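Residue-level structure breakdown
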Amino acid sequence: MIRTGATVVSRSTILKQTSRYLQTSLARRSNANKQTVNTSFMVNIFRGEIHPLQVFPYPEAADQEQKEYIQSIAQPVQRFFTERYDPAESERLGHPPQAVLDELWETGGYGLMAPEEYGGLNMSNTGYATMGSVVGAVDLGLAVVLGAHQSIGWKGILLYGSDEQKRKYLPMVTTGRTVAAFALTEPGSGSDAGSIRSRAVKSACGKYYTLNGSKLWITGGGIADVLTVFARTEVTDSKTGQKKDKVTAFVVERSFGGVTSGPPEDKMGIRCTNTTEVYFDDVKIPVENVLGGEGNGFKVAMNILNNGRFGMAATLAGTMIACIAKATEHANSRIQFGKNIKEFGNVQEKMARMTILQYVTQSMGFMVAGNMDHGSKDFHLEAAISKIFSSEAAWHVCDEAIQILGGNGFMKGTGLEKVLRDIRIYRIFEGANDVLRLFVALSGIQYAGSHLKELQLAFKNPTANLGLIFKEGSRRVARSFGVGGSDLGPFVVEPLKESANLCAESIDSFSLAVEALLFKYGKRVVEEQFLLIRLADSAIDIYAMVNVLSRASRAVRNNLPSAEQEVLMAKVWCVQASGRVQNNLKQINKRVYLESFTAMSQIARKVCENGGVVHKLPLEIEL
Ligand code: MYA
């Protein structure tokens, strides 16, 4: 049994400790330098600093009244899906049945997070995450139908729209049966979102823009009548008077004329969603439809995406629950070699890993959502990590569920084959995992780098910067004696102290690795993708560790019936994740690994030059 007695710190003590910790560190920092403090836990660990507010204690994002509200919406939706929805039928039709769409429009499913005055259900991020989990357990295609509409399609209007834009468009897209879409990607611009070519030119009278260009793989592209479109525009710098091309976001109505769509794409999964190319030919957009200000489009696009990424984690957490349920049903009933297969260590390891991956994913999704509900603004890295982690975890969990079911899992009738096909795109869209890994590593490094620069400058005028130099100096001296490292002990319950140490050690090794990378490569670190990916993987494992430490501690403090299981999962996760972190960081420094990265570069170059693999059959014959 888990001890929940005298050794366990109360929630209010934790909150006090946390805020005292933050206040002292904020005060120290603001005395030392006047930079604004980033409250993101992940951004700060790149500097070896712990700002626990975003992770400890696990956010309580809904009071009783809000919980009841969320439940009152989620429960009937879940019942509706269980009783009246068939994902295979949606896939066959190429869209969810009209009766299902009607039901969703009528019950507010298209306007979950919009304020009531605009026809929405006024749900919080946590509420949205809950709905995502419900839908994700049923059909990932349907999740995209709903998510592309509200998570990115009209989210920009909610985040950046003027009162007039909100009044005009939000009621249309929440209850007015007008589908919204997000049009960023182009034939020549996928992950490199800044390189879009669509262009909008302002008229001489200054009243409208003329938009030309085309967008690719737009979810809802063939059925949306309101689109958030990104295009290059010429912007004059107010200070220098110089003209520059910058991205601007627009709300475009199909009814403006000149908006057409290609045929629906034939896709591997999420086949009930409509994905098309969208063309803009001399589309006249009134200037009032600029969203978030002329020239601010790139930031608008990124922030829309940042704001929605947690939804994917919550949704895929629901999917994993459904996959695990299928695997469990089989493990409980299947007898092989004279034994029920659930008795085999091999199956147990799979089931445990799947469950832990689901737990981590769910913890991340609701952690990010909860922090956003509490007003956090610095959640970009955490949201990106939750997207990367969840899409890979869900793939693994579904794949392993198929493995446990064996031949049955491979049959369409079990339903897992469709889920696996549907999950695949989640690693690609809303920011491909590969580019998001680089985003995580580089954003963190940039923050750490600015600190090192401050330090270098401080050394140029030591008398004026004694505080900063002394603080940094004593931190490094202490670390060199193996003391003064990070300490997560105060934030977790007794049974998790050892796991918290593993996580803290990982954080210390991580920040030292960042510093070493910066010293070795300076700005050139941007080119070192083999190393950046390993840094990102370490960051992901660390964020996963703090999530489970925080959530399992909450479970113990709140005496949840699942507390014992949650502690077990957190312990196993921390052992495995901290091992991976040490291994990844080792690869960043050690000669043999660095040489193998160079070798991999050479291998890949040769294959590309050759148009495929270079070696022949062992028989050495031509075919
Ligand atoms: S929609 C299409 C998705 N497309 C993408 O996600 C594009 C991916 N590309 C990027 O995100 C960017 O281009 C990257 C940066 C990250 C590669 N937050 O020079 P830069 C700032 C804030 O590094 P780049 C779809 O798929 C940066 O600090 N700021 O830029 C459908 C810098 O600022 P400053 C950011 O090299 C999905 C400036 O921008 C961010 O071009 C349907 C330039 O930076 C950021 N993230 O690239 C999904 N990034 O100038 C449905 C950069 O101040 C899901 N910056 O230094 C449904 C699930 C839910 C269902 C629920 C149902 C209920």
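Residues numbered from 1 in each chain as written. Predicted model: local features only at pLDDT ≥ 70, side-chain atom pairs only at ≥ 80, totals over all residues. Heavy atoms only, no water.

With respect to the packing of aromatic side chains
Counted under the stated rule, the structure contains twelve aromatic pairs. Relative to F344, the ring of F337 lies with its centre 6.5 Å away and its plane at 80 degrees, an arrangement referred to as edge-to-face. On the basis of relative accessibility, which here comes to 82%, the residue F337 falls in the exposed class. For F344, a relative accessible area of 24% puts it in the partly exposed group. Here F389 and W573 contribute two aromatic rings whose centre-to-centre distance is 5.8 Å and whose plane-to-plane angle is 80 degrees, an arrangement assigned as edge-to-face. Taken together, the positions of F389 in helix 12 (residues 380-405) and W573 in helix 19 (residues 563-589) put the pair 184 residues apart, joining distant regions of the chain. The buried category is assigned to W573, whose relative accessible area is 5%. Following the ring pairs from residue to residue traces out a cluster consisting of F80, F81 and Y85. For the cation-ring pair, R427 lies above W395, with the distance from its terminal atom to the ring centre recorded as 5.4 Å. (Phe/Tyr/Trp six-rings, centres within 6.5 Å; stacked < 30°, edge-to-face > 60°. Buried < 20%, exposed > 50% of the residue type's maximum accessible area, 1.4 Å probe, protein only. Helix = DSSP H or I, 4+ residues; strand = E, 2+ residues; numbered from the N terminus. Lys NZ or Arg CZ within 6 Å of the ring centre and 35° of its normal.)

Quick look at the pairing of strand 1 (residues 180-183)
Neither face of strand 1 is open: one carries A180 and F182, the other A181 and A183, and all of them are buried. The sheet contact formed by strand 1 and strand 4 (residues 226-236) spans four bridges and is parallel. Residue F182 lies in a different strand from strand 4, and its bridge partner there is T228. (Pairing = 2+ DSSP bridges.)

Points about the nonpolar core
L488, L535 and W573 are the most contacted members of the largest nonpolar core, which totals 152 residues. For this core, the leading source of residues is helix 18 (residues 529-557), giving 16 residues. Membership of the second largest hydrophobic core comes to 24 residues, among which are I157, V173, F182 and L291. (Core = buried A, V, L, I, M, F, W, Y, C linked by side-chain atoms within 4.5 Å.)

Thoughts on the pattern of salt bridges
If you walk through the whole model with that rule in mind, you get 23 salt bridges. Ionic pairing is found between D266 and R271, a salt bridge with its closest N-O pair at 2.9 Å. Under the relative-accessibility criterion, D266 is labelled exposed at 67%. Judged by relative accessible area, which is 32%, R271 ranks as partly exposed. Among the ionic pairs, E417 bridges to R421, the shortest N-O distance being 2.7 Å. Residue E417 and its partner R421 are located together in helix 14 (residues 416-424), separated by four residues, close to a single helical turn. Comparing E417 with R421, the two get one shared label, buried. (Salt bridge = Lys/Arg side-chain N within 4 Å of Asp/Glu carboxyl O.)

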